[in-house]
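Architecture and fold: a report
Here is what each chain is made of, one letter per residue.
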Amino acid sequence: MRPDNSGPNNGNEQPLDPAIFSAVLTPHRSLSPTGFLIFMLVLGGVSFVSGMVFLMAGAWPIFGFFGLDVLLVYWAFRINYRSARAYEVVTVTASELTLRKVSHHGRVSQWTLNPLWVRLDRDEHAEFGIERLYLVSRGRRLPVAGFLGPDEKASFAHALAAALGEAKRGPTRTVFAPG
């Protein structure tokens, strides 16, 4: 069993393997909570005014449908924000690559791979760029960075490939000449 070096360091001990690369990947949400509140208030106001017009014209059931539309839009956004709680943590050291995925439900899946045996595989589309990234090791393909856009995947793939290359080269030692 390998010792866990993820705990607090009391200053007296050196970490076993310093991180070469570490990234926390989170889904992008373009609408902030304040923007969501403003959007819902405007949508609710427009729906209420429109519903009142139909109510005054005698079409009272339409008023309820306008309220139902606002409720459905609110529900869809809440589901979208809940899925934004998912994230992935990728850490590369000289001796291991760790991929930790946390779902929006809080379910944790973690894989530890030897960086010497890991290859980064990509599914690319000529027009859209990188569609999927995989960590491949010993016949297993682990998808990574699934919720990033094509440009973000390309940047992440470049940084991760550089880190894997550095891990494969092994630790470097600085030799000081006597002076």
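Remember, predicted model here, so these are calculated numbers, not experimental data.

Reading the values: the criteria
Residues numbered from 1 in each chain as written. Predicted model: local features only at pLDDT ≥ 70, side-chain atom pairs only at ≥ 80, totals over all residues. Heavy atoms only, no water. Patch = residues over 30% accessible without salt bridge, like charges linked within 9 Å, V, L, I, M, F, W, Y side chains within 5 Å. Areas by Shrake-Rupley, 256 points an atom, 1.4 Å probe, with all protein chains shown as cover. Salt bridge = Lys/Arg side-chain N within 4 Å of Asp/Glu carboxyl O. Helix = DSSP H or I, 4+ residues; strand = E, 2+ residues; numbered from the N terminus. Buried < 20%, exposed > 50% of the residue type's maximum accessible area, 1.4 Å probe, protein only. Phe/Tyr/Trp six-rings, centres within 6.5 Å; stacked < 30°, edge-to-face > 60°. Pairing = 2+ DSSP bridges. Axes fitted to C-alpha atoms, helices over the stretch in contact; angles between N-to-C directions. Contact = heavy atoms within 4.5 Å. Parallel < 35°, antiparallel > 145°, perpendicular 65-115°, else oblique. Left-handed = near helix turned anticlockwise from the far one by under 90°. Polar contact = N/O pair within 3.5 Å; in protein donor to acceptor, adjacent residues only side chain to side chain.

Some details on a nonpolar patch on the surface
- Taken together, the side chains of F48, V49, V53, F54, I62, F65, L68, L71, L72, Y74, W75 and I79 define a hydrophobic patch exposed on the protein surface, amounting to about 1,200 Å² of accessible area.
- Contributing elements (two or more residues each) for the nonpolar patch: α1 (33-56) and α2 (60-83).
- With eight residues, the single largest contributor to the nonpolar patch is α2.
- Assignment of secondary structure puts L68 in helix α2.
- Judged by relative accessible area, which is 38%, L68 ranks as partly exposed.

Things to note about the packing of aromatic side chains
- Throughout the structure, instances matching the rule amount to eight aromatic pairs.
- Measuring from ring centre to ring centre gives 6.0 Å for F21 and F156, while their planes differ by 55 degrees; the resulting arrangement is tilted. With F21 in strand β1 (residues 21-25) and F156 in helix α3 (residues 150-169), this residue pair connects regions lying 135 residues apart in the sequence.
- Residue classification places F21 among the buried residues on the basis of a relative accessible area of 14%.
- F156 sits in the buried class, given a relative accessible area of 6%.

As for the sheet that holds strand β4 (residues 108-113)
- Reading across the sheet, the four strands line up as β1-β2-β3-β4 and stay open at both edges, with antiparallel pairing between neighbours. The sheet is open, and its two borders are formed by β1 and β4, each paired with just one other strand. Averaged over all pairs of adjacent strands, the angle between strand axes in this sheet comes to 5 degrees, irrespective of strand direction.
- Against the sheet, α3 contacts β1, β2 (87-92) and β3 (97-102), and its axis sits at roughly 150 degrees relative to β1.

A few points about the packing of α1 against α2
- The geometry of α1 relative to α2 is characterised by a closest axis approach of 7 Å and an angle of 165 degrees between their N-to-C directions. When the axes of α1 and α2 are compared, the pair comes out roughly antiparallel. Crossing handedness for the pair α1 and α2: right-handed.

Points about the side chain of K101
- If you trace the backbone, K101 turns up in strand β3.
- A polar side-chain atom of K101 sits 2.6 Å from the main-chain carbonyl oxygen of P143.
- Beyond its immediate stretch of four places on either side in the chain, K101 contacts Y87, E88, R107, V108, S109, W111, P143 and V144.

Some points on the pattern of salt bridges
- Under the definition given, this model contains four salt bridges.
- In this structure, E88 and K101 form a salt bridge, with 3.8 Å as the shortest nitrogen-oxygen distance. Separated by 13 residues along the polypeptide, E88 in strand β2 and K101 in strand β3 bring together distant segments of the chain. Assigned by exposure class, E88 and K101 land together as buried.
- Bridged by salt links that share partners, the residues D121, D123, R132 and R141 form one connected network.

Thoughts on the sheet that holds strand β5 (residues 119-125)
- Spatially, the three strands line up as an open sheet ordered β5-β6-β7, and their pairing is antiparallel. Only two strands of the sheet have a single partner each, and these edge strands are β5 and β7 (140-144). Between one strand axis and the next, the sheet turns through 35 degrees on average, direction left out of account.
- Inspection of the sheet shows β5 paired to strand β6 (residues 129-137) by seven bridges, in the antiparallel sense. Bridge pairing in β6 links R119 to V136.

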